[in-house]
Amino acid sequence: MKDYSDMIRSVSKAMDKTVKQLGTESHFWGMKPSELFVMDLMTYAMHLTAADGKIQREETEQMADLFGIEYTPMDIRQYMEHQKVRFAEYQNHVPISVKEAVIMDNLLKEQGRISPLEKSFADMIYESFEGVGDSVIMADWVERGNERQAKEAFLGRLKAYIEENRK
């Protein structure tokens with residue numbers, strides 16, 4: 001399985017640097033863009049781990065490998081309850097890091113500049129969500145239909161948002 005933590009780190013580092021250059025730090029409520037991005041990815045991973053109704057130990061271990069933070073299945077359930085992450089609403093949710101990536105790409109384009117990454121920020125963030133989803137879903141070597149459906153519905157919404165808002 002591909003290691004997505006390197007991609008997450010490189011996108012995070014580039015986001016922090018670019019936001020500072022663009023002067024859009026205020027969009028992140030005092031957080032670094034990288035912190036918000038990782039928080040969005042972790043919430044998404046938690047959403048997928050719970051999609052089949054049972055959070056597997058292998059899934060929590062995969063999350064620890066990806067994010068460097070260890071959670072128990074109970075921690076994830078409690079976090080999701082606290083954050084009110086519900087499946088129906090989450091499918092239509094667009095994380096702030098994705099919205100901000102589109103804004104950054106649009107600002108860079110308006111200024112005649114390009115992303116310091118090999119692709120646009122929005123595309124790299126989308127690929128990060130896609131990779132984290134695959135990684136977490138396959139952590140227990142069993143791909144369940146409802147996990148795949150949750151991933152596809154969420155990624156479909158992200159792609160639509162990016163296409164609708166990209167200049």
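Structural notes, computed from the coordinates. (Residues numbered from 1 in each chain as written. Predicted model: local features only at pLDDT ≥ 70, side-chain atom pairs only at ≥ 80, totals over all residues. Heavy atoms only, no water.)

Topic: helix 8 (residues 145–165)
- With 21 residues, helix 8 extends 30 Å between its outermost C-alpha atoms, agreeing within 8% with the 30 Å of an ideal straight helix rising 1.5 Å per residue.
- Buried within helix 8 are the following residues: Glu147, Arg148, Ala150, Lys151, Phe154, Leu155, Leu158, Tyr161 and Ile162. Projected onto a plane normal to the axis of helix 8, the buried residues spread over an arc of 160 degrees and lie on a single side. Among the exposed residues of helix 8, those oriented more than 90 degrees off its buried face are Gln149, Glu152, Glu163 and Glu164. (Helix = DSSP H or I, 4+ residues; strand = E, 2+ residues; numbered from the N terminus. Expected span 1.5 Å × (residues − 1). Buried < 20%, exposed > 50% of the residue type's maximum accessible area, 1.4 Å probe, protein only. Arc of directions from axis to C-beta.)

So, the packing of aromatic side chains
- Applying the stated rule across the entire model yields three aromatic pairs.
- Note on Tyr44 and Phe154: the rings are 4.8 Å apart at their centroids and 25 degrees apart in plane angle, and the pair reads as stacked. One end of the pair, Tyr44, is in helix 2 (residues 33–49); the other, Phe154, is in helix 8, and 110 residues separate them in sequence. Just as Tyr44 is buried, Phe154 falls in that class too.
- The exposure class of Phe154 is buried, given its relative accessible area of 0%.
- Of the aromatic side chains, those joined through ring pairs into one cluster are Tyr44, Phe129 and Phe154.
- Against the face of Tyr126 rests Lys159, its NZ or CZ located 4.4 Å from the ring centre. (Phe/Tyr/Trp six-rings, centres within 6.5 Å; stacked < 30°, edge-to-face > 60°. Lys NZ or Arg CZ within 6 Å of the ring centre and 35° of its normal.)

Let's talk about the pattern of salt bridges
- Tallied over the full model, the rule gives eight salt bridges.
- Note that Arg148 is salt-bridged to Asp134, the shortest N-O span being 3.4 Å. Separated by 14 residues along the polypeptide, Arg148 in helix 8 and Asp134 in helix 7 (residues 121–137) bring together distant segments of the chain.
- Judged by its relative accessible area of 17%, Arg148 falls in the buried class.
- Owing to a relative accessible area of 25%, Asp134 belongs among the partly exposed residues under this scheme.
- Put simply, Asp134 and Lys151 hold a salt bridge, and the shortest N to O gap is 2.5 Å. On the criterion of sequence distance, the pair formed by Asp134 in helix 7 and Lys151 in helix 8 is long-range, its members being 17 residues apart.
- Lys151 sits in the buried class, given a relative accessible area of 5%.
- Here the salt bridges do not stand alone but share partners, grouping Arg57, Glu58 and Glu61 into one network. (Salt bridge = Lys/Arg side-chain N within 4 Å of Asp/Glu carboxyl O.)

Considerations on the environment of Lys109
- Secondary-structure assignment places Lys109 in helix 6 (residues 96–110).
- Lys109 sits in the exposed class, given a relative accessible area of 54%.
- Remark: the alpha-carbon pair of Lys109 and Lys167, spanning 58 residues in sequence, is separated by 8.1 Å.

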